[in-house]
Structure formats: C-alpha cells, structure tokens
Amino acid sequence: TLSATDTASDVYKPMDEEQTALLARYVKAFEAYDLQALTTLLHEDATLSMPPLPLWMRGADDITAWMSGTGNGCRGSRLVPVVANGMPAFGQYRPSLTGSGHDPWALIVLEISGGRIAAVNNFLDTAHLFPLFGLPARLDEGVAKA
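## Looking at the overall build of the protein chain
From N to C terminus, the protein chain includes 4 helices and 6 strands. Sequence-ordered secondary structure for the protein chain, helices as α and strands as β, is α-α-β-β-α-β-β-β-β-α. Counting all 146 residues of the protein chain, 41% fall into the buried class. Within the structure as shown, the protein chain displays about 8100 Å² of accessible surface, and the carbon and sulfur contribution to it stands at 58%.

Shown next as structure tokens:
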C-alpha cells in the first residue's frame, strides 16, 4: 500500500500561475463555504487531518460530509496566506463568538500534487503557531487581509 501512495507534494511556487490560480480558487471556495467548489479542487483520495485531534479522513465525499456537518463552524472564515515547510498555508480565522471580527482557529497547510489538493492539514495550536508565521492575533472587521 505504501509503495502505491503518492508521497511527493508539490513545493509552493508563488510564481507558478497554475498553482496561484488553484490557491485563489481554494480561498474563494473556503471563504464562501462553497463545498461543491472545494470538492472540485481535491484529489479523489485527498485527506483531511486536524492535529492534535484524532480526526483523519480520506476522500472528497467524507471531507465534504464532515465540513457540512461537524465542521460547519468554519463557515464565514477568512484566510490569510503564509508558507509552511515550503507548502502553501493559511491562517484561518473563524467568526468571533464574542462580537465582531474573526478569531484565530487553525493553520491550514495544503499538500498539492498534480495540480490538485492532496491533503488539508489543520493545526489548531494557534497561540503557538500564529506568532511564528507573523499572523495577527485576530482579524477585525473592515481590515483588509494580507
């Protein structure tokens, strides 16, 4: 099984028009919470994980089902681009439960292979990770994202 697995992810290439377009479509679909559009960006056997939670799933159908159910708290999120370990990543900010603006939720690291998203890794330790990536502690309404 391991020998048949594609373990090579494409390195983030900010000047690559195809990769830039894919990431722009990802941001647009995620921020609109358009799960149908998100699904078209995923490999058929894409994975989603959320360390440190024991959450791991494979396949666009399972990912979409989770995002439309338990994961729907991400609706209304905003993404701020960064790079993590040579891969495209985003600081994810969910709508604040205590007022206006958006609070940090996860560092999303995408693995891209063959022009599609092969893995979505959501790291939840924002108190530790966001300062390391220069991400703001929160996003206020009306403030343009990076």
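## Brief notes about the sheet that holds strand β5 (residues 102-113)
Spatial strand order, β2-β1-β6-β5-β4-β3: 6 strands in an open sheet with mixed pairing. Only two strands of the sheet have a single partner each, and these edge strands are β2 (56-58) and β3 (78-84). Along the sheet, successive strands turn relative to each other by an average axial angle of 20°, direction set aside. The strands touched by helix α1 (residues 17-32) are β3, β4 (87-95), β5 and β6 (116-123); relative to β5, the strand with the most contacts, the crossing angle is about 145°. Here helix α3 (residues 60-68) sits on the sheet and contacts β1 (42-49) and β2; the angle it forms with β1, its principal contact strand, is near 50°.

## A short note on the pattern of salt bridges
One pass over the full model with this rule turns up 3 salt bridges. The partner of Asp 103 in a salt bridge is Arg 138, with the nearest N and O atoms 3.4 Å apart. Within this pair, whereas Asp 103 is found in strand β5, its partner Arg 138 is found in the segment after α4 (126-132), the two being separated by 35 residues in sequence. On the basis of relative accessible area, Asp 103 is assigned to the partly exposed category, the value being 26%. One salt bridge connects Asp 140 with Arg 138, and the closest N-O pair in it is separated by 2.5 Å. For Asp 140, a relative accessible area of 39% translates into the label partly exposed. The exposure class assigned to Arg 138 is partly exposed, which follows from its relative accessible area of 31%.

Each value, and the rule that gives it
Residues numbered from 1 in each chain as written. Predicted model: local features only at pLDDT ≥ 70, side-chain atom pairs only at ≥ 80, totals over all residues. Heavy atoms only, no water. Helix = DSSP H or I, 4+ residues; strand = E, 2+ residues; numbered from the N terminus. Buried < 20%, exposed > 50% of the residue type's maximum accessible area, 1.4 Å probe, protein only. Areas by Shrake-Rupley, 256 points an atom, 1.4 Å probe, with all protein chains shown as cover. Pairing = 2+ DSSP bridges. Axes fitted to C-alpha atoms, helices over the stretch in contact; angles between N-to-C directions. Contact = heavy atoms within 4.5 Å. Salt bridge = Lys/Arg side-chain N within 4 Å of Asp/Glu carboxyl O.

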